[in-house]
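Summary of structural features
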Amino acid sequence: MKKTALIFSLLIVGASLSKAQTGNKISASQKSLLVNKWFESPKESNGDTITFKTSKHIHQPGVDNPAVSFAELTFSDAPDFNVNYWRWCSKTQSAYAGKWSTPNSVVKLDFGKQKCKCELIILDIQKDKLKVVVKETSN
């Protein structure tokens, strides 16, 4: 009985801690790391989980499709961003700039009125690496 109560308590604590992680605010140091020019790293990306690096990926003959351009994302100190080769917006492929905000561990990209909006759910952020899940949103 005590063992069951202990396991149950640990499950509750673990669930509350994991829930707290998703709502965490991005720290000032993480935000300062975010302000940078990021290049998609195709070898470390999979589906909507994208890894960006501060160094540009160089196409390798016989490995990379030369017709594919990988995403570039630049965050400025102001809430502005610029992108190149952004494939996560189905509505507006031509929108390549907008405003960004970080209400929590999610970076919201707003390409402007009646244009695409995306969320970047931060999985990891370091000086030279940014790993996110990209989701197009409607709000």
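The numbers attached to residues start from 1 for each chain and follow its sequence in the written order. Selection of residues for local features in this predicted model requires a pLDDT of at least 70, selection of side-chain atom pairs for listing and counting requires 80 or more, and totals for whole chains, interfaces and linings are taken over all residues. Side-chain figures throughout are based on the complete set of non-hydrogen atoms in the structure, without hydrogens or water.

**Side note on the pairing of strand β6 (residues 106-110)**
Two strands make a pair as long as DSSP finds a minimum of two bridges between them. In this text, helices come from DSSP runs of H or I with a minimum length of four residues, and strands from runs of E with a minimum of two, each type numbered from the N-terminal end. Across 3 bridges, the pairing between strand β5 (residues 97-101) and β6 is antiparallel. The partner of W100 across the bridge, within β6, is L109. Looking at chain direction, β6 and strand β7 (residues 117-125) are connected through 5 bridges and run antiparallel. If you follow V106 over to β7, its bridge partner there is I121. Here β6 hands over to β7 after 6 residues, with G112 in that stretch at a positive phi of 120°.

**Examining the pattern of salt bridges**
Criterion for a salt bridge: a side-chain nitrogen of Lys or Arg within 4 Å of a carboxyl oxygen of Asp or Glu. Taken as a whole, this structure holds 8 salt bridges when the rule is applied. The salt bridge involving E44 is made with K53; its shortest N-O contact spans 3.0 Å. Relative accessibility decides the category of a residue: with a 1.4 Å probe and only protein chains considered, values under 20% of the type maximum give buried, values over 50% give exposed, and everything between is partly exposed. By relative accessible area, E44 is classed as partly exposed at 33%. Residue E44 is joined to K129 by a salt bridge in which the shortest nitrogen-to-oxygen separation is 3.7 Å. Of this pair, E44 sits in the loop between β1 (37-40) and β2 (49-53) while K129 is found in strand β8 (residues 129-137), placing the two residues 85 residues apart along the sequence. Three or more residues joined by partner-sharing salt bridges are found here, namely K37, K56 and E72.

**A short note on the confidence of the model for the chain**
The pLDDT value tells you how sure the predictor is about a given residue, anywhere from 0 up to 100. Per-residue pLDDT for the chain averages 81, and the proportion of residues at 70 or more is 79%. Mean pLDDT values for the elements of the chain range from 41 in helix α1 (residues 2-22) up to 97 in β2. Segment residues 3-22: pLDDT under 50, and 2 contacts once partners within four positions in sequence are set aside and those in other chains are kept. Contact between two residues is taken to exist if any of their heavy atoms lie within 4.5 Å; hydrogens are not considered.

**Examining the nonpolar core**
Among buried residues, those of type Ala, Val, Leu, Ile, Met, Phe, Trp, Tyr and Cys that are joined through side-chain atoms within 4.5 Å constitute a nonpolar core. If you look at the biggest cluster of nonpolar residues, it comprises 25 residues, and the most contacted ones within it are F52, L73, F75, W86, L109, F111 and L120. If you list the elements that add at least two residues to this core, you get β2, β3 (72-75), β4 (80-84), β6, β7 and β8. Take this core: its biggest share by element is 4 residues, from β7. Setting aside chain neighbours within four positions, we find F52 in contact with W38, F39, E40, S41, A71, L73, W86, D128, K129, L130 and V132.

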